[in-house]
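As a plain string of letters, each chain reads:
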Amino acid sequence: MSPLTTDKNSFKTDVLDSAEPVVVDFWAEWCGPCKMIAPSLEEISKEMAGKVKVAKVNIDENPELAAQFGVRSIPTLMLFKGGEVADIKVGAAPKTALSAWIDNAVA
């Protein structure tokens with residue numbers, strides 16, 4: 001399953017009301033580190049399908065979501081469980097580190 005693109009209109013349904021944990025990638029088109037981790041998140045989304053969802057929020061198109069969750073630098077990854085932020089990771093990281101972070105946060 002590819003990462004889901006979500007916005008202010010679908011965030012509640014896609015993320016907050018999700019039965020499974022959701023990793024939300026707050027990113028922007030102009031962000032180099034965001035582009036670096038995108039392929040890793042794509043692979044993680046497929047590998048962990050059924051265990052965790054990956055969603056993407058473009059902060060330029062959804063500044064109110066970025067403000068609501070206090071996103072100050074990107075990429076910012078937030079793991080939501082039961083509609084609440086369970087963990088946050090800021091900055092780019094290799095796929096192995098991202099997978100380990102998600103595994104630990106979901107466990």
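Residues numbered from 1 in each chain as written. Predicted model: local features only at pLDDT ≥ 70, side-chain atom pairs only at ≥ 80, totals over all residues. Heavy atoms only, no water.

1. Re the side chain of Lys53
Summarising the element assignment, Lys53 is placed in strand β3 (residues 53-58). Among the polar contacts listed, one links the side chain of Lys53 to the backbone oxygen of Asp14, at a separation of 2.9 Å. (Helix = DSSP H or I, 4+ residues; strand = E, 2+ residues; numbered from the N terminus. Polar contact = N/O pair within 3.5 Å; in protein donor to acceptor, adjacent residues only side chain to side chain.)

2. Notes on the sheet that holds strand β5 (residues 84-90)
Pairing between the strands of a sheet comes from backbone hydrogen bonds, and it takes one of two forms, parallel or antiparallel. The sheet built from five strands is open, its strands ordered β1-β3-β2-β4-β5 with mixed pairing. Only two strands of the sheet have a single neighbouring strand rather than two, namely β1 (4-5) and β5. Of the strand pairs in this sheet, strand β2 (residues 22-27) and β3 are connected by six bridges, and their pairing is parallel. Bridge assignment links Val23 to a residue of β3, and that residue is Val54. (Pairing = 2+ DSSP bridges.)

3. Things to note about the nonpolar core
Generally speaking, nonpolar side chains in soluble globular proteins are found buried as a group. Phe11, Val15, Val24, Phe26, Phe69, Ile74 and Phe80 are the most contacted members of the largest nonpolar core, which has 19 residues in total. Looking at this core, the elements that each hand over two or more residues are α1 (11-16), β2, β3, α3 (63-68) and β4 (76-81). In this structure, Phe11 is in contact with Thr6, Leu16, Val24, Val57, Leu65, Phe69 and Phe80, ignoring residues within four places of it in sequence. Ranked by size, the runner-up nonpolar core spans 15 residues in total, among them Leu77, Leu79, Trp101 and Ile102. (Core = buried A, V, L, I, M, F, W, Y, C linked by side-chain atoms within 4.5 Å. Buried < 20%, exposed > 50% of the residue type's maximum accessible area, 1.4 Å probe, protein only. Contact = heavy atoms within 4.5 Å.)

4. Let's talk about the pairing of β2
Buried residues dominate β2, accounting for six of its six residues. The side-chain alternation of β2 yields two buried faces, one formed by Val22, Val24 and Phe26 and the other by Val23, Asp25 and Trp27. Sheet analysis places β2 next to β4, joined by five bridges and oriented antiparallel. Counted as the bridge partner of Val24 is Met78 from β4.

5. Considering the packing of aromatic side chains
Applying the stated rule across the entire model yields four aromatic pairs. Between the aromatic rings of Phe11 and Phe80, the centroid separation amounts to 5.7 Å while the plane-to-plane angle is 80°, which identifies the pairing as edge-to-face. Taken together, the residues Phe11 in helix α1 and Phe80 in strand β4 connect sequence positions 69 residues apart. With respect to class, Phe11 is no different from Phe80; both count as buried. Three or more aromatic residues joined by ring pairs form one cluster here, namely Phe11, Phe26, Phe69 and Phe80. Lys56 extends its terminal NZ or CZ atom over the ring of Trp27, reaching a point 5.1 Å from the ring centre. (Phe/Tyr/Trp six-rings, centres within 6.5 Å; stacked < 30°, edge-to-face > 60°. Lys NZ or Arg CZ within 6 Å of the ring centre and 35° of its normal.)

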